[in-house]
Amino acid sequence: QDSSEVVYVEDADMFLSLSIGDRLNEGSFVCLFESKDGIKFDFVERVYGIMPYAHSIGISKDKNGHVNSEEDLLIGYAYGETWGKWATRMHNVKLRVYHGEAGEHD
């Protein structure tokens, strides 16, 4: 995986980490991890549908590195097949926070 971008989700009292899996390859995807303490992160899911040869993901946040699930967020990453000749792609995303046991959704 690529470097990770970590944010604190205020209304969920948890941390999220995003990174690019299979970075700089045709099958790139976003890896999502979560943590209650900001130290130990658990894998949540892979998200496909991003540009191939992606790397170096980032997410919009406030000056303290916080987000809120009520806000529209923006993720961005670099991509490109040729080393050093990269474009940037941005995606609007909506964070959904689920409470309760796995499989139970509010």
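This text goes with the structure placed above it.
All values derive from a computational prediction rather than experimental measurement.

**Some thoughts on the packing of aromatic side chains**
The tally for this structure, following the rule as stated, stands at five aromatic pairs. Aromatic side chains Trp83 and Trp86 sit 4.9 Å apart centroid to centroid with 85° between the ring planes, which places their arrangement in the edge-to-face category. On the accessibility criterion, Trp83 (66% relative accessible area) is exposed.

**Re the sheet that holds strand E2 (residues 14-21)**
Spatial strand order, E4-E3-E2-E1-E6: five strands in an open sheet with mixed pairing. The open sheet has two free edges, formed respectively by strand E4 (42-47) and strand E6 (66-67), since each of these has just one partner strand. Sheet topology places strand E1 (residues 5-9) next to E2; five bridges connect them, and they run antiparallel. Paired with Val7 across the strands is Leu16, a residue of E2.

Cut-offs applied
Residues numbered from 1 in each chain as written. Predicted model: local features only at pLDDT ≥ 70, side-chain atom pairs only at ≥ 80, totals over all residues. Heavy atoms only, no water. Phe/Tyr/Trp six-rings, centres within 6.5 Å; stacked < 30°, edge-to-face > 60°. Buried < 20%, exposed > 50% of the residue type's maximum accessible area, 1.4 Å probe, protein only. Pairing = 2+ DSSP bridges. Helix = DSSP H or I, 4+ residues; strand = E, 2+ residues; numbered from the N terminus.

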